[in-house]
Amino acid sequence: MTLLRTSANHIAGIAHPDSLAEQLLEQMLYKTGRRASAAEQKSWSRSLPVLASDLVEAGLGDVEMLVEYHLPLTSQRADVVLAGTHPSSGAPSYVVVELKQWSSAYRYEDNPDLVEVPGMPGGPKLHPVAQVKGYCDYLADFAKSIADQPDALAGMAYLHNASDPATVSDLRAFPTGVTGRLFTAADRADMIAFLRTRLATGAASHSAGDSLMRSAVAPSQQLLKVAAAEVRDRPQFHLLGNQQLAVDLVLHAVEQARSADSKRVVIVTGGPGSGKSVIALSLVGELARRGRTVLHATGSRSFTQTLRKVAGHRAPRVQKMFKYFNQFMTAERNGLDVLILDEAHRIRETSVDRYTKAELRTDRPQIDELIAAARVPVFLLDEHQVVRPGEMGSLEQVQSHARSLGLETQHVHLGEQFRCGGSEEYVLWVKRLLGLVEGGPYAWKGDPQFAVRVADSPQELEHLLSQQFDGGYSARMTAGYCWPWSDARKDGSLVPDVTIGDWARPWNSKSDRRIGDAPPAPLWATEDGGFDQVGCVYTAQGFEYDWNGVILGPDLVWRGGHFTTVRAANRDPDMKNSKKVSDLRFDRLVRNVYKVLLTRGMVGTVIYSTDERTRAALRKLIGN
C-alpha cells in the first residue's frame, strides 16, 4: 500500500518540511500499523522537497508522485515512483526514484556492486543504481500493466546532497541504463533533461497512477519450478534490497578470501517467506557459472531430495551439489570456496547418529565441521524455527563459534516478506470443513488474498482453471483416488481413467520419463503439460501452483451437516486391506488426503464434487 499519492506542486507548496513528514507519519501508522523510524522521517523531510522542487523546475510539477510505493507481493518500498505520460508516445510512463542523502560514498574493498558510506553504520550497502534497477526489474516482472509496455519504465538514483563529483566518483563505475541512472546534485541539469525524456510536461493526468496502483499482479515464480534453470542456466529471480546485498556480499567475500588466502563467515537471517532459499539457489547458480566450488546443504531430507530431483533431473552432476549437514565430518579443510547452509537453524549439536562409523564418533560440534569445510560458509537461518531437541543454529551461536576460531562474520537481516498468497484463514476453514479440528464447518467469509469457488461440473472446473492458465497463471487439477489408474498404452498415450459423465481425463503419468506432452510423475506439478492430466495426492503433495482444481470423489460426501467417508468408493490399493487399515484409520487418511489436495493453491481453489448433495452443501458454504 503506497503511503502518499501526491504531486510535486503539492509538496513544494507545503510551508515546512516537517509538515510533510507529519503527513507521512500519520499515513504510515494508519496504513501499516507501524511507526516510522528516525531515518525514514529524516528522509521524507529532507529528500522529498528537493525532488519536488526539481520536478517543478522541470515543468513536471503536475506529475504524480507515489511516495513509499509498495512493491507487490513484498514488503519492499521504492522511495518514489513518478507516474505520467511518455512525451513521444503518450502512453503511461513511470520513473522509479531512489533518494539518497549521502554526500559521499566509496567503493567497498574495490567491489563496484557494494558501497561504503562514511559515518553510516551497518557495513557495506548495495549500490543505489543496483537497488533501483532491482525495483524496476521486479515491477516489470510482477506488474502486468508494465509488463505489456516494455518502454514504460525507467529508474534513477538521486544523491541530492553530493555536490562535489569527486566524493562519489567511485560509484560511476557501475553500469547504467534506462532503468538505472545515477545523478547527484552536480548533475541536476542532466537529471532534469533525463526526466523530460520520460515524462511529458503539461496538464495533470491520474490515468498512469491509476493503472499502476490497480495493476493485476502476475504470479510469483515458484522456487522448485525454476530450480533447474537457476543452477544450470541463468538467474530466474529478481532479488530485492537485502536479498541482493546478501548475494553480493557472499560473491565479494569469495573473491577476497581467494586473493587474500583468508576465511569469512556470512550469516543471513530472516523469517518464513523472506527469501532465504531464493538467495541460496541464486548463489549456487551464480557461483557455479563463475567456476567456484560450491555445495548446498540442509538438515531436511525432503527439501534436499526435492532439490536433487528438480534441479538435477536431467543433470546427475547437479544432484551432487545438494548435501546434508552431517556429510562434512571428513571434508577437507577449506576444500570448498563456498558452502551454503540453508535452514541452518536445523544444525545439530554433532553429526554423530546411529549409522556413524565407530572411527568417526567424536564430540566435535557439527557447526565446526561446516565452518571448516569452506573458505566462505554461508548460514541462512530463522532463529524461530528451532523446533527439535538437539538442534542449534541461532545467530549468536554461529557468531560465537566463529569468534572462538578468530573468524570475521558479516550479518544480513532480511526484513522483507515475499508471500505466496497463502491464507491462514482458508487453511483453518479447510480443516474444520473436513472435521480435522474441532469447531465444525462454517461459511467461507472470504479473504482478499485467496479465492475459493465451486464448480457445478467437471467441465466448468476445467474451464475456470483454463481461463487462469491462459492468463499466465500455473494451474493443476487433482482428485481423490476414486477411479482406476491404468498403465500407459503401448503407443505411449495415457488412458482417460477419471471419467465423470461425458468428461474424461487421464491421471498423471506413472513414468519417470516424459510421455508425449505429459511430464514425468515427479515433475507433474511444475513442468509444462501437467494441466492436461489429473494429479493424485502422491504427485501433488509438497508442491504448489497458483490455481488449484479439486475433484471430491464419491469417497467423501456431505451427509447430515458434515462430511462422511465411503470406503467402497475408494480405489487406492493401499487402502484396500481393512486388516491393515481400519475403518477409523481409513476415515482419517481420506480426510488428510483431501486436506492436502485442497491446500495446494497459491492464488485460488476451485472445488467440484461428484455428489449432487455435496455440491449443494458447498454452494451454501462458499457461494460464488
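Residues numbered from 1 in each chain as written. Predicted model: local features only at pLDDT ≥ 70, side-chain atom pairs only at ≥ 80, totals over all residues. Heavy atoms only, no water.

Engineer: Would you mind going over the sheet that holds strand β11 (residues 294-298) in detail, with residue names and values included?
Structural biologist: Strand order in this open sheet of six strands is β12-β11-β13-β14-β10-β15, and the pairing throughout is parallel. For this open sheet the edge positions go to β12 (322-324) and β15 (408-414), each flanked by a neighbour on one side alone. For this sheet the average axis-to-axis angle between neighbouring strands, irrespective of direction, equals 20°. In the sheet, strand β13 (residues 336-341) pairs with strand β14 (residues 374-381) via five bridges, with the strands oriented parallel. By the bridge assignment, Leu341 is partnered in β14 with Phe379. The sheet contacts of helix α9 (residues 241-260) involve β10 (264-270), β13, β14 and β15, and relative to β15 the element is tilted by about 165°. Seen against the sheet, helix α10 (residues 276-289) touches β10, β11, β12, β13, β14 and β15 and runs at an angle of roughly 155° to β11. (Pairing = 2+ DSSP bridges. Helix = DSSP H or I, 4+ residues; strand = E, 2+ residues; numbered from the N terminus. Axes fitted to C-alpha atoms, helices over the stretch in contact; angles between N-to-C directions. Contact = heavy atoms within 4.5 Å.)

Engineer: Describe the packing of α9 against α10, listing the residues and the values that go with them.
Structural biologist: For the pair α9 and α10, the least separation of the axes is 10 Å and the interaxial angle reads 40°. In this structure, α9 meets α10 at a crossing whose hand is right-handed. The segment α9 lies against α10, with Gln243, Ala246, Val247, Val250, Leu251 and Val254 engaging Ile279, Ser282, Leu283, Glu286 and Leu287. In terms of residue class, the contact of α9 with α10 is built from eight nonpolar, two polar and one charged. (Left-handed = near helix turned anticlockwise from the far one by under 90°. Nonpolar A, V, L, I, M, F, W, Y, C, P; charged D, E, K, R; others polar.)

Engineer: Summarise empty space enclosed by the protein; cite the residues concerned and give the values.
Structural biologist: Taken as a whole and assessed by the stated rule, the structure comprises three cavities of 30 Å³ or more. Each pocket or cavity is described by its volume, and for the largest cavity that value is around 90 Å³. Taken together, 13 residues make up the lining of the largest cavity; nearest its centre are Gly480, Tyr481, Asn570, Asp572 and Val593. Those elements that provide at least two residues to the lining of the largest cavity are α17 (537-540) and α18 (583-598). If you tally residues by element for the lining of the largest cavity, the top one is α18, at three residues. Partitioned by chemical class, the residues of the lining of the largest cavity number nine nonpolar, two polar and two charged. (1 Å grid on protein atoms, 1.4 Å probe; cavity = no way out; pocket = protein on both sides within 12 Å on 5 of 7 lines; lining within 4 Å. Points joined across faces, edges and corners; volume = space filled by probe spheres on them.)

Engineer: Break down the sheet that holds strand β8 (residues 153-159) for me, citing the residues and quoting the values.
Structural biologist: Taking strand neighbours across the sheet as the criterion, the six strands line up as β1-β2-β3-β4-β8-β9 in an open arrangement whose pairing is mixed. Of all the strands in the sheet, the pair left with one neighbour each is β1 (4-7) and β9 (181-184). Neighbour to neighbour, the strand axes of the sheet diverge by 30° on average, direction disregarded. Sheet analysis places strand β3 (residues 77-85) next to strand β4 (residues 92-100), joined by six bridges and oriented antiparallel. Bridging across to β4, Ala83 finds its partner in Tyr94.

Engineer: So, the side chain of Ser104: which residues are in play, and what are the values?
Structural biologist: If you trace the backbone, Ser104 turns up in the loop between β4 and β5 (106-108). For Ser104, a relative accessible area of 14% translates into the label buried. The residues contacting Ser104, other than those within four sequence positions of it, are Val117, Pro118, Thr167 and Val168. (Buried < 20%, exposed > 50% of the residue type's maximum accessible area, 1.4 Å probe, protein only.)

Engineer: Explain the pairing of β4 residue by residue, including any values.
Structural biologist: Of all nine residues in β4, eight are buried, a share of seventy percent or more. Adjacent in sequence and paired antiparallel, β3 and β4 are bridged by six residues, among which Gly90 carries a positive phi angle near 80°. Where β4 lies against β8, seven bridges are found, and the strand directions are parallel. By the bridge assignment for β8, Lys100 is matched with Leu159.

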